[in-house]
Amino acid sequence: KNHTAQNMDLSPSLFTTILGIALVLHSAYSCLHYRSLIEGHSSSSPPTDVVIEVLFGFVLCLFGQMLAAGPLVTIRTNATKKIELIAPAQRSRNFDIYNTRMKILIGKKTE
C-alpha cells in the first residue's frame, strides 16, 4: 500500500476551502498590484473585480467548512425532561467578583 496516496484524498469540502483560500489570496495580491500601478492617484477603493473575487472566495471557504461539518442535528422541542443550563461557579468567577465589588461600591456611596 502506498500510504502517501491514501492520505491525499481530496474531499469536496477540503477542495472548496482550498479554492476559496486561493481566491482570497489572489484577490489580495491583485489589489496590491493595482495599488502599485495607481500610486499617484487618489483612488482608495479596490477595483470591482477584486471585491467580487474576495467575496466569492469567502463564500467558497464558508461553503467548504459547512460541508465538512456534516449534517445538522434536529432539535426536539417536546422534550419531557428539560434541563436548565447554569454555568458552574468556577467558570463565572469574573462575574461573581464584579458583582461583589459593585455591592461594596454601592454600600460606600450610600454612607
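Caption draft 1: Representation of the overall build of the protein chain within the structure. Scanning the protein chain from terminus to terminus reveals four helices and zero strands. For the protein chain, the succession of helices and strands along the chain, N to C, is α-α-α-α. Here the protein chain holds 111 residues, and the buried ones make up 14% of them. For the protein chain, the proportion of contacts with a sequence separation of at least 24, taken over those separated by at least 6, is 68%. Looking at the protein chain as shown, the accessible area adds up to about 10200 Å², and 65% of this sits on carbon and sulfur atoms.

Caption draft 2: Representation of the environment of Ile52. Considering the arrangement of structural elements, one finds Ile52 in helix H3 (residues 48–69). Sequence separation between Ile52 and Ser27 is 25 residues, and the spatial gap between their C-alpha atoms is 8.9 Å.

Caption draft 3: Just helix H2 (residues 12–37), in detail. In this model H2 runs 37 Å from its N-terminal to its C-terminal C-alpha over 26 residues, within 8% of the 38 Å that 1.5 Å per residue would give. Of all the residues in H2, the buried ones are Ser13, Thr16, Thr17, Gly20, Leu23, Ser27, Ser30 and Cys31. Tucked inside the fold, the buried residues of H2 contact H3.

Caption draft 4: Summary view of the packing of H2 against H3. At a closest axis distance of 7 Å, the pairing of H2 and H3 adopts a crossing angle of 160°. Here H2 lies roughly antiparallel to H3, going by the angle between them. The element H2 and its partner H3 pack so that their crossing is left-handed. Among the residues making up the contact of H2 with H3, the classes are represented as 15 nonpolar, ten polar and one charged.

Caption draft 5: Summary view of the side chain of Glu53. Checked against the element boundaries, Glu53 lands in helix H3. Despite its burial, Glu53 pairs with no opposite charge; the closest candidate is Arg35, at 13 Å N-O. Discounting chain neighbours no more than four positions away, the residues touching Glu53 are Leu23, His26, Ser27 and Ser30.

Caption draft 6: Structural view of the environment of Met66. By the element assignment, Met66 lies in helix H3. Sequence-wise, Met66 and Ser13 are 53 residues apart; in three dimensions their C-alpha atoms are separated by 7.8 Å.

Caption draft 7: Structural context of a nonpolar patch on the surface. Together, Leu10, Leu14, Phe15, Ile18 and Leu19 give the surface a local cluster of nonpolar side chains, amounting to about 450 Å² of exposed area. Structurally, Phe15 is set in helix H2.

Caption draft 8: Structural detail: H3. Counted at 1.5 Å a residue, the expected span for H3 with its 22 residues is 32 Å, and the 32 Å between its end C-alpha atoms agrees. Among the residues of H3, Val50, Glu53, Gly57, Leu60, Cys61 and Gly64 are the ones counted as buried. For H3, the angular spread of buried residues about the axis comes to 100°, placing them on one side. Facing away from the buried side of H3 by over 90 degrees, the exposed positions are Thr48, Ile52, Leu55, Phe58, Met66 and Ala69. Buried residues in H3 make contact with H2.

Calculation notes
- Every residue gets a number counted from 1 within its own chain, in the order that chain's sequence is written.
- Where totals are concerned, whole chains, interfaces and linings use all residues; where local detail is concerned, this predicted model gives features only for residues with pLDDT of at least 70, and gives and counts side-chain atom pairs only at 80 or more.
- With hydrogens and water excluded, all non-hydrogen atoms of the structure serve as input to the side-chain values.
- Strands here are runs of E lasting at least two residues and helices are runs of H or I lasting at least four, both read from the DSSP assignment and numbered beginning at the N terminus.
- Buried residues are those whose accessible area, probed at 1.4 Å on protein chains only, stays under 20% of the maximum for their type, while exposed residues exceed 50% and partly exposed ones sit between those limits.
- Note on contacts: a residue pair is in contact if any heavy atoms of the two residues lie within 4.5 Å.
- All accessibility values rest on the Shrake-Rupley procedure with a 1.4 Å probe; residue burial counts only the protein chains present in the view.
- To estimate the expected span of a helix, subtract one from its residue number and multiply by 1.5 Å.
- Note on method: axes are straight lines fitted to C-alpha atoms, helices fitted across the in-contact stretch only, with angles between N-to-C directions ranging 0 to 180 degrees.
- Here roughly perpendicular refers to angles of 65 to 115 degrees, roughly parallel to angles under 35, roughly antiparallel to angles over 145, and oblique to all remaining angles.
- Here a crossing is taken to be left-handed if its near helix is turned anticlockwise relative to the far helix by less than a right angle, and right-handed if that turn runs clockwise.
- Gly falls in the polar group here, along with every residue not listed as nonpolar (Ala, Val, Leu, Ile, Met, Phe, Trp, Tyr, Cys, Pro) or charged (Asp, Glu, Lys, Arg).
- The charged-residue count follows a simple rule in which Lys and Arg add positive charge and Asp and Glu add negative charge, with His and chain termini not counted at all.
- Whenever Lys or Arg places a side-chain nitrogen within 4 Å of a carboxyl oxygen from Asp or Glu, that contact is recorded as a salt bridge.
- Exposure above 30% relative accessible area and the absence of a salt bridge qualify a residue for a patch, where like charges join within 9 Å and nonpolar side chains (Val, Leu, Ile, Met, Phe, Trp, Tyr) within 5 Å.
- Here the arc refers to the directions that run from the helix axis out to each C-beta atom.

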